[in-house]
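Close look at the chain arrangement
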Amino acid sequence: MSAVYHSGFYAMGTRLNLLLPSIDEEVGERVVHSIRHEVQRIESLLSFFSRESEVSMVNRYAWREKYRISEELFTLLETCIEFGQLTCGAFDVTMRPLLDFWKGTDSHTVDEETVKRLREHLGYEKILLNKDDLSVKLENDVIRIDLGGIGKGYALEKVRLLLSDVGIRNAFVSFGESSVLTVGRHPNGDCWKVGLRDHRAPESSLQMFRMTDASLSTSSNVLVSENGDPKEHRHVIDPRTGFPILEPRMVGVVSDSPLQAEALSTAFMILNDSQIEGVKSVAPDIHVVKIEHFLESPVAHEL
Amino acid sequence: MPWLNVFNGSSASGKSPSDRVRLGIIGVGDRGTALLLNIKSIAEILNVEVAAVCDDYVPHYQRAIELTEGKAKAFYDYRQMLEMKDLDGVVIATPLHEHARMTVDAFRSNIHVFCEKAMARTIKDVRRMYETSLQTKRILHIGLQRMFSPVYLEGMEKIHRGDLGQITQVRAYWHRNNNWRRPVPADKPELEKKINWRLYDDISAGLLTELSSHQIQIANWALQSQPVSVMGSGSINFWKDGREVYDNIACIFSYADGTQFLCDSLISNRHHGIEEKVLGNNGMITLETNKMYSEKPPSPPAILRLINDIEKDIFETIPIGGASWIPETAVQYTGEFITSRYRMDETKLQMEAFVKYIRQGEAPKELAEQGYHASLWCLLAENAIKSGKVVTLPKGYEI
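Note that the structure is a prediction, hence the values are computed from the model and not measured. (Residues numbered from 1 in each chain as written. Chains lettered and ligands numbered in written order. Predicted model: local features only at pLDDT ≥ 70, side-chain atom pairs only at ≥ 80, totals over all residues.)

Right, let's get into the overall build of chain A. In terms of regular secondary structure, chain A is built from 8 helices and 15 strands. Against the compact-globule benchmark of 19 Å for 303 residues, chain A has a radius of gyration of 20 Å, which places it among compact chains. Each of the three principal axes of chain A carries a C-alpha extent, and together these read 60 × 50 × 35 Å. Looking at the 303 residues of chain A, the share that counts as buried comes to 45%. A separation threshold of at least 6 residues defines the contact pool for chain A, and within that pool the share at least 24 residues apart is 61%. (Helix = DSSP H or I, 4+ residues; strand = E, 2+ residues; numbered from the N terminus. Rg over C-alpha atoms; globule rule 2.2 N^0.38 Å. Buried ≥ 20, exposed ≤ 12 C-beta atoms within 10 Å, placed from the backbone. Contact = placed C-beta atoms within 7 Å.)

Structure below.
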């Protein structure tokens, strides 16, 4: 019988759960307190929904004139742009207006011209960063920066640093059950074994990853409830066309970096296998699993 | 909750007139009328009738006769009503300072009492009502509105079984934005005090007895205890219209285990409305809004399984993925509902309970005790505000 400290809290519109094997309550409480503090700080910096977040300020003011931002946000935006370049535009933090458009519309009656016009106004390359004065300028007043596709990954980067700072050797952190950070190993194994859940049999996995000091991020355009029932279709927009991905699909990416895992799992929802291979050639340490026909006959294949 | 047993099992309310519970209503103003209508709505099912009505204000006296279609005996003087031979219980909804003598007189006439909160204008009278109820073995049911509300009952069950962890604070507020006056006929200015009795110090303790008393009962209920001391402040800082009672108050009640209950009320802003919050180290319940907010989210199945595995030294694959998070919507944690059994007819439930207690011939002792403590402590709070001192329970008031 091994002891494990467990705690959780709400952040970024979901829950973060933390498991620390062989850590007593008092130490655990202290660790989770500092993690919570840090994650909430990041949320108040990046939230698209909080009017007062730095990202919201950028969205409100940076199209008129250049807007000075913190070094932290500046660096993160730089990283987002790099991922945009690395994935040939499949990762793009400016697609929010298109997402809102699709959410408010019936897919069958969409006017292609409208999509095209809207798309022309968007694109990560229209975020202009100036390193000299740490400022950002948006090329027009349509663009909205939404870091929802990378926020949890960024927060998990910070969680990882915090855990290592306080000398935690083994940990399992789940953020919204779609992003997982592992540190060290399971008390009874040499790693953490994490699987991609088979929604038809929620107790079993379609694919298993052996993880030590690594992160898994999953992306999907179908939401599946805890008992395995598909809940709803979720819009994932292909930034290259402006149209949503309709084929039910799921992607899992394991990387040493939670931020990279999250950005790439989003992008790989959109890229085809050979394009993914292309990205892998520059980021060789990642593991990618793609599940097509996610709803009826899910088959996982590793890339 | 012990006072709920009355709703269990068969109500055994025979249909014959001889089994009928006969009630009298003393004071048929706004509240008395509401109580009367509620009794009428359960008359058939529970075999109960309003047999008598009483009010010394002519328009209310006449309205009471109309509301009972002339079937109830009508009185101007409650003492005559108490002489009726076959009255089982009275419902008292008169100004606060009259509660005590009416209640005590009813008990001495062998009649059970439902009395609107708070119990009385002075702690001496509160004690007298309580003791007389014990001596005469008559039911003393104080109309603290939440005691029979399903939301409160289920909320308290969660609180008492530890869902919130250790209770570390209770806070309540009751905010309105109006002058708290009832219209006085223009040709009868002498009726001002009779109609607006809530504003006069010799009749009412104002916000404390008329509003906060409910919330003091709720705090006591949540903490399963009574305060050991109270401090407070109050003033008339907005409605400076000749009233004698505070238009804003703020009190802190301390309990033996170190828990504080913060309670305030005002009638110059209604933004916050009414709420009672019970805070524990694992979560918070907001009773008025039927919500519970846990500090620690329920664990997803994968996490539960992993905890279980580790504790049992099992090393297996944990299936995750299948995001339940929707990043493109503004998801905020808005809590969970305490119960789906949300009923707004608390007054009716109170009347049902009173009738059933009468039929049983007794009520659980906790029923009167809740009323006693809530009423006592709202008057001690008044004392604290007026004296500027920390007030503790005077000798002879323990039960």
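Structure shown, so let's carry the discussion forward.
Contact residues are listed per partner, giving 31 residues for chain B and 48 residues for chain A. Of all the elements in the fold, those that place two or more residues in the side of chain B that touches chain A are α9 (301–311) and β14 (318–320) of chain B. The pairing of strand β8 (residues 192–197) of chain A with β14(B) spans 3 bridges and is classified as parallel. Each bridged residue has a counterpart across the sheet, and for A:L196 the counterpart in β14(B) is B:I320. (Pairing = 2+ DSSP bridges.)

Right, let's talk about the sheet that holds strand β11 (residues 274–280) of chain B for a bit. All names here are of chain B. Taken together, the 9 strands give an open sheet; going across it, the order is β15-β13-β12-β11-β7-β10-β9-β8-β16, and neighbouring strands pair in mixed fashion. The sheet terminates laterally at β15 (336–337) and β16 (391–392), the two strands that pair on one side only. Relative to strand β10 (residues 260–266), strand β7 (residues 167–175) runs parallel, the two being bridged by 7 bridges. Each residue of the ladder has a partner; that of A172, found in β10, is C263. Packed onto the sheet, helix α8 (residues 207–223) meets β7, β9 (248–255), β10 and β11 and runs at close to 160 degrees relative to β7. Across the sheet, helix α11 (residues 365–387) is in contact with β8 (227–235), β9 and β16; its angle to β8 comes to roughly 55 degrees. (Axes fitted to C-alpha atoms, helices over the stretch in contact; angles between N-to-C directions.)

To continue, consider the environment of B:A172. In this fold, B:A172 is placed in strand β7. Ignoring any residue separated from it by four or fewer positions in sequence, one finds B:A172 in contact with B:Q215, B:I218, B:A219, B:C263, B:E275 and B:E276.

Residues and elements named next belong to chain A. Where strand β3 (residues 67–68) lies against strand β5 (residues 135–138), 2 bridges are found, and the strand directions are antiparallel. What sits directly across from R68, in β5, is S135. Connecting the antiparallel pair strand β4 (residues 127–130) and β5 is a turn made up of 4 residues, with L134 showing a positive phi of about 50 degrees.

Within the open sheet, the 3 strands sit side by side as β9(A)-β8(A)-β14(B). Their pairing is mixed. The sheet is open, and its two edges are formed by β9 (205–211) of chain A together with β14 of chain B, each paired on a single side. Strand-to-strand twist across the sheet, computed as the mean angle between neighbouring axes with direction ignored, equals 35 degrees.

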